[in-house]
Amino acid sequence: DSRTRDARLRRRSACSAVVPRCDASGRDADSEAVRLLEFYSGSGMMRWALQNAVGPRREVIGVAAIDNSEVANAVYSANFPRSEPLRRNVEHITREQIEENFCSADVWTASPPCQPYTRKGNEKHGLDPRALSFLQLLDIFPTVKHTCKPKRVLVENVVGFENSATRDALVKTLGGEYHVEEFVRASPRTLGVPNTRERYYLLAKRKELGGFPDVATAALPFARFGESETEAGETRLQQEPRREARAVGAYLRRSVPETKKNDGASLAVPASAAAKYWRWFDVVTPSSLGSQCFTAGYGKTVFGGSVLAAEAFANDPEFCELADAEQKRYRLVKPPPPNALRYFAPEEIAALHGLESASAASGPKFALPENLTRRQLYFTLGNSVSVDVVQELMRYLMEDSIGNNNTE
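How each quantity is defined
- Residues numbered from 1 in each chain as written.
- Predicted model: local features only at pLDDT ≥ 70, side-chain atom pairs only at ≥ 80, totals over all residues.
- Heavy atoms only, no water.
- Buried < 20%, exposed > 50% of the residue type's maximum accessible area, 1.4 Å probe, protein only.
- Helix = DSSP H or I, 4+ residues; strand = E, 2+ residues; numbered from the N terminus.
- Pairing = 2+ DSSP bridges.
- Disulfide = S-S within 2.5 Å.

**Student:** Any chance you could break down the pairing of strand β7 (residues 199-206) for me, citing the residues and the numbers?
**Tutor:** Residues in a regular strand project their side chains so that they alternate between the two faces of the sheet. Of all 8 residues making up β7, 8 are buried, and the element is well covered by its neighbours. The alternating pattern of β7 places Arg-199, Tyr-201, Leu-203 and Lys-205 on one face and Tyr-200, Leu-202, Ala-204 and Arg-206 on the opposite face, and all of these are buried. Pairing geometry for strand β5 (residues 152-158) and β7, over 7 bridges, is antiparallel. The partner of Leu-154 across the bridge, within β7, is Leu-203. Both strand β6 (residues 178-186) and β7 contribute to a ladder of 7 bridges, which runs antiparallel. Note on β7: the bridge partner recorded for Glu-181 is Leu-203.

Right, here's the structure in full:
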């Protein structure tokens, strides 16, 4: 019942909010640690990105990670075993629980449900029932004690959220006590990653901490909300590239096409799907410099992300033609032969999301639990953020706090 859940919540929070050393890998917590509260925590990529941003000499302590997805929580637990996520709907979190259990958090993050705002959804925005949990959190926020409010906030959602009444309510809720910066269409492709994942981000920090640094000075290559395309282009031209563009092949872990037979373990696009949907496949090769955004429906819907082909097949005019010369992306001109196309593996999508290298304090690499099915992993990865993008934004958000701690 609810009393049992609340008692369990208090016990879990005790290790992080009351005695942070419980989550501190055997060393005492100190004032340099960053304490993180994650709403809609997903698979833990916000925490991974924050740890990368502050560097290995500062620890990110999980005050709480709240998500109702059993699959996402399994991935989170595999990567942060000392921080068991709370499987709970955010709308069930109360002001009293925030003040009693989460008061020590320095940073709040939130990736509320995107379906009400996506261009392919119903676009009901705040009228969609899936938007209510975040709106309720915004209603609670002004009533939380000042000492229990975070120093910094990062909110992520799909492009389209910036035009919603929910976004207006978010800015209004934070505007009195926080400096607010918004970025739209922030994508890993801007950072040289061969994948498009455009998102809206809001960053906020308490006014007593001072304002945000100038975007150009901070070399942040993302367009601010309200900035014209010309201004955004000029901003990017003023900045040196953060890293060279990498090809898709740098993120692959299996051959293209796969050598396995077309069995249950194969990544080959089924012949039936290829015959029916070939006109809509976005085809890339190891030398491609871009790919479609991967969604939770990858492998289930033809619009869920790119598929892979060998270079020779993609450059055979009998089957393919260039759709995007700059990114080297192709479209089919006729149904492909069997096993000519394959899906990206979950670990390859994770690499494109920015999990190619180890986090500063989270182990050798991002773990994908072996007991989860490929469909489950596609689902949770499709609902995740780009770690490359978020860690850049976290550095900007934490700029006055990081100092010389980041030793990348």
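**Student:** Tell me about the sheet that holds strand β3 (residues 86-87), residues and numbers included.
**Tutor:** Reading across the sheet, the 7 strands line up as β3-β2-β1-β4-β5-β7-β6 and stay open at both edges, with mixed pairing between neighbours. At either margin of the open sheet sits one strand with a lone partner, and together these are β3 and β6. The pairing of strand β2 (residues 60-67) with β3 spans 2 bridges and is parallel. Its bridge partner lying in β3, Asp-67 is registered against Arg-87.

**Student:** Lay out the state of the cysteines with the relevant residues and their values.
**Tutor:** What the rule picks out here adds up to 1 disulfide. With a sulfur-sulfur separation of 2.0 Å, Cys-103 is cross-linked through a disulfide to Cys-148. Because the sign of the S-S torsion sets the handedness, a value of about -85 degrees for the bond joining Cys-103 and Cys-148 places this disulfide among the left-handed ones. Remark: Cys-148 occurs in the loop between α5 (132-140) and β5 and Cys-103 occurs in the loop between α4 (95-101) and β4 (107-110); sequence separation between them is 45 residues. Judged by its relative accessible area of 1%, Cys-148 is buried.

Without other data, these values stay purely geometric and don't point to any function.
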